[in-house]
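What follows is the residue order along each chain.
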Amino acid sequence: MKKMINFTVGPVQADLDILKIGAEQVPYFRTKEFSDLMFENEKLMKEFSNAPESAKVVFITGSGTASMEASIINTLTEKDKALVINGGSFGARFVEILKIHEIPYDEIRLEVGKALTKEELDKYNPKNYTAFIVNVHETSTGVHYDLDLIHDFCSKNNLFLIVDAISSFLADEIDIKKHNIDIMLTGSQKALACPPGISVMVLSKRAQKRIQEINPKCMYLNLRDALKNAERGQTPFTPAVGTLIQINARLKKIKKSGGAKTEIEKTKKLANYFRNKIKDLPFKLVSESPSNAVTSLYSLSASANDIFLILKDEYNIWVCPNGGDLKEKIFRVGHIGHLTIEDYDTLINALNDLKKRKVI
Ligand SMILES: *Cc1c(COP(=O)(O)O)cnc(C)c1O
């Protein structure tokens, strides 16, 4: 395949040390050595999300959506009622999961690009709900929701809080203790910058308790089993062993270079650099509250999907197209993964060239 620069939001570019691990033999994993690696993964995941000592981490072999579904079926029942933010395709995915599993819910539908406001939230009474579900970064539109606001709302009735931080973890700050998050989700192919295949769940004490009490109608995603195995650093079934080893190397590397804060700063710097350089191009920011992970852009002059295709075919650059109704209107530029200022200069030059050619 051609050498491309990848500005999508996943799978993203991995650095060379991580790539090299992918070329090694996959080891047998029912060993003390692999358990120790898994314990280290758990410790660093907790550290980077500021989880309390009592939190437990589960690694699911499956993409992020597997953990979205696992979180719902293992902690909510028909006796619950969830309030879910639906501001794009990932919010809609939670709604679909709730529907399939017959969990009562109300959804707060937000227009493309709109942040969640206090006024909007004030229309709902926390006393009517037992759980709150949000994709803190709605990756389809680049909106990052305000967890202070959500935490305030939840604390009024002690709501169980599920936060999909799949594209936000290591790109935007997240603080499990501060916001009393019961389940935080992330995935290997976003800012963890590893191959796809693993999703990660950080579970509060309260989440662990619910998991012990609920019998999900699913064997593979049974978190009680996963927690039991995690006590010895193992998983119920064969995990994506190679990816877990890559995650271990990546987490240790982040730790060595200053931790999650440094990683977030790096991402923010790239995002700001790009956003400042495109001010004269015929684009408009979609999100009124952007995540550092992605810049979501309305194309004002050309089809957004054409821009995606031309950059791919003529410039060897992947930006991230949108699907559905937004396909012709919006494209996204990611800031997660192994990217440099020079990579952004290449992209900005290509976009300026498109302008010169009157493509945009
Ligand atoms: C990427 C992503 C997911 C998971 O998608 P998969 O394709 O299943 O990995 C879920 N939620 C958000 C917010 C995401 O960005």
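Our structure is the block above this text.
So, a few notes on the structure that sits alongside this text. (Residues numbered from 1 in each chain as written. Predicted model: local features only at pLDDT ≥ 70, side-chain atom pairs only at ≥ 80, totals over all residues. Heavy atoms only, no water.)

A word on the packing of helix α8 (residues 205-213) against helix α9 (residues 223-230). In contact at an axis separation of 8 Å, α8 and α9 are set at 120° when each is read in the N-to-C sense. One element, α8, and the other, α9, form an angle in the oblique class. For the pair formed by α8 and α9, the contact residues are Q208, I211, Q212 and E213 on the first element and L223, R224 and L227 on the second. Across the contact of α8 with α9, the residue classes tally to three nonpolar, two polar and two charged. (Axes fitted to C-alpha atoms, helices over the stretch in contact; angles between N-to-C directions. Helix = DSSP H or I, 4+ residues; strand = E, 2+ residues; numbered from the N terminus. Parallel < 35°, antiparallel > 145°, perpendicular 65-115°, else oblique. Contact = heavy atoms within 4.5 Å. Nonpolar A, V, L, I, M, F, W, Y, C, P; charged D, E, K, R; others polar.)

Okay, the pattern of salt bridges next. What the rule picks out here adds up to 18 salt bridges. Its salt-bridge partner being K32, residue D36 comes within 2.6 Å of it at the nearest N-O pair. Linking D36 with K32, this pair stays in helix α2 (residues 32-48), spanning four residues, or about one helical turn. Judged by its relative accessible area of 36%, D36 is partly exposed. Across the pair E314 and R357 runs a salt bridge whose closest N-O atoms are separated by 3.0 Å. Of this pair, E314 sits in helix α12 (residues 304-315) while R357 is found in the segment after α13 (341-356), placing the two residues 43 residues apart along the sequence. On the basis of relative accessible area, E314 is assigned to the partly exposed category, the value being 47%. When its relative accessible area of 40% is taken as the criterion, R357 is described as partly exposed. Three or more residues are tied together by salt bridges with common partners; here these are D15, D17 and K253. (Salt bridge = Lys/Arg side-chain N within 4 Å of Asp/Glu carboxyl O. Buried < 20%, exposed > 50% of the residue type's maximum accessible area, 1.4 Å probe, protein only.)

Near the ligand there are 13 residues, and of these S63, T65, T139, D164 and K190 occur at the shortest range. Within the contact set of the ligand, an oxygen atom lies 2.5 Å away from a side-chain nitrogen or oxygen of S63. Measuring from a nitrogen atom of the ligand, one finds a side-chain N or O atom of D164 at 2.6 Å. With the chains in place, 88% of the 380 Å² that the ligand exposes on its own is no longer accessible. Of all elements in the fold, only α3 (64-75) and α4 (89-100) reach the threshold of two or more residues within the shell around the ligand. Per element, the largest residue contribution to the shell around the ligand is three residues, and it comes from α3. Residues belonging to the shell around the ligand are distributed by class as follows: three nonpolar, seven polar and three charged. (Near = heavy atom within 4 Å. Polar contact = N/O pair within 3.5 Å; in protein donor to acceptor, adjacent residues only side chain to side chain. Areas by Shrake-Rupley, 256 points an atom, 1.4 Å probe, with all protein chains shown as cover.)

Take the sheet that holds strand β4 (residues 105-109) next. On the basis of which strands lie adjacent, the open sheet formed by seven strands has the order β2-β10-β9-β8-β5-β3-β4 and mixed pairing. The outermost strands of the open sheet, each flanked by one partner alone, are β2 (56-61) and β4. When strand polarity is set aside, the average angle formed by the axes of neighbouring strands in this sheet is 15°. In terms of strand pairing, strand β3 (residues 82-86) meets strand β5 (residues 131-135) through three bridges, oriented parallel. Across the sheet, A82 pairs through a bridge with A131, a residue of β5. Packed onto the sheet, helix α6 (residues 147-155) meets β3, β5 and β8 (160-164) and runs at close to 170° relative to β5. (Pairing = 2+ DSSP bridges.)

Turning to the packing of aromatic side chains, a few remarks are in order. The full count for this structure, using the stated rule, is seven aromatic pairs. Pairing F132 with F153 gives two aromatic rings, centres 5.8 Å apart and planes at 65°, and the pair type is edge-to-face. Of this pair, F132 sits in strand β5 while F153 sits in helix α6, placing them 21 residues apart in sequence. The same class applies to F132 and to F153, which are both buried. On the basis of an interplanar angle of 50° and a centroid distance of 5.9 Å, the ring pair of F274 and Y344 is categorised as tilted. (Phe/Tyr/Trp six-rings, centres within 6.5 Å; stacked < 30°, edge-to-face > 60°.)

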